[in-house]
Amino acid sequence: MKVVAENRKARHLYDILERLEAGIELKGTEVKSLRNHAVSLDQSFCHVKDGEMWLHNMHIAPYHFGNVFNHDPRRSRKLLLKKREILRWGSLVEQKGLTIVPLRVYFNERGKAKVEIALVKPKKLYDRRRELMEREEKRALERLLKYRA
């Protein structure tokens with residue numbers, strides 16, 4: 001598995017409840033740009049519309065040698081999932097106020113572009129602060145134990 005891009009900020013801002021692997025519908029020059037790691041997942045999100053799941057705001061840079069065949073960098077892209085999964089996640093988003101965000105884009109063993117999406121719940125500001133404090137305390141403790149031993 002070759003990871004192309006990762007959304008590290010999502011792990012900080014959200015509590016991840018569930019994960020899914022989804023195929024992504026791409027055009028020819030988009031695949032070439034992905035292979036060049038010219039992709040950004042910042043501010044991207046998914047939503048369900050008419051029984052289909054769409055990925056919005058994922059920026060795939062235009063392919064350098066693509067000329068007139070290049071694509072719109074921020075166009076909406078269809079995710080390829082089973083109908084049952086789409087309906088279940090769509091209902092959870094509507095009922096519980098959850099969000100669907102992409103965590104990473106990668107090529108699997110067969111060379112297909114995949115997106116790992118997650119059903120997430122936004123963290124409160126005080127939860128994020130507490131998490132940072134705990135991490136700092138853990139580092140300080142490890143530092144002390146390292147020099148003591």
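The residue numbers shown here count from 1 along each chain, following its written sequence. Selection of residues for local features in this predicted model requires a pLDDT of at least 70, selection of side-chain atom pairs for listing and counting requires 80 or more, and totals for whole chains, interfaces and linings are taken over all residues. Side-chain metrics in this entry use all non-hydrogen atoms of the structure; hydrogen atoms and water are not considered.

- By the naming in an unreviewed UniProt entry, the chain goes by SsrA-binding protein and is assigned to Candidatus Caldatribacterium saccharofermentans.
- UniProt positions are given in the numbering used here, feature names are shortened, and annotations may be inferred rather than shown by experiment. Of the chain, the UniProt comment under Subcellular location (unreviewed entry) reads exactly: "Cytoplasm".

### Digging into unusual backbone geometry
Okay, so step 1: The phi dihedral of His-37 is positive, around 60°, even though this residue is not glycine.
Okay, so step 2: One can find His-37 in the loop between helix H2 (28–35) and strand S3 (39–40).
Okay, so step 3: Within the chain, Asn-57 stands out as a residue other than glycine whose phi angle is a positive 65°.
Okay, so step 4: Only runs of H or I of at least four residues qualify as helices and only runs of E of at least two qualify as strands under DSSP, and these elements are numbered from the N terminus. Summarising the element assignment, Asn-57 is placed in the loop between strand S5 (52–56) and strand S6 (59–60).
Okay, so step 5: Judged by its relative accessible area of 29%, Asn-57 falls in the partly exposed class. Throughout, exposure labels follow a simple rule: accessible area from a 1.4 Å probe, protein chains only, divided by the maximum for the residue type, with under 20% read as buried, over 50% as exposed, and the rest as partly exposed.

### Here's the deal with the environment of Val-120
Okay, so step 1: Within the secondary structure, Val-120 sits in strand S9 (residues 113–122).
Okay, so step 2: According to the relative accessible area criterion, Val-120 is buried, its value standing at 0%.
Okay, so step 3: Separated by 107 residues in the primary sequence, Val-120 and Leu-13 place their C-alpha atoms 9.3 Å from one another.
Okay, so step 4: Residues in contact with Val-120, not counting those within four places in the same chain, are Tyr-14, Asp-15, Ile-16, Leu-98, Thr-99 and Val-101. The contact definition used throughout considers only heavy atoms, calling two residues in contact when any of these lie within 4.5 Å.

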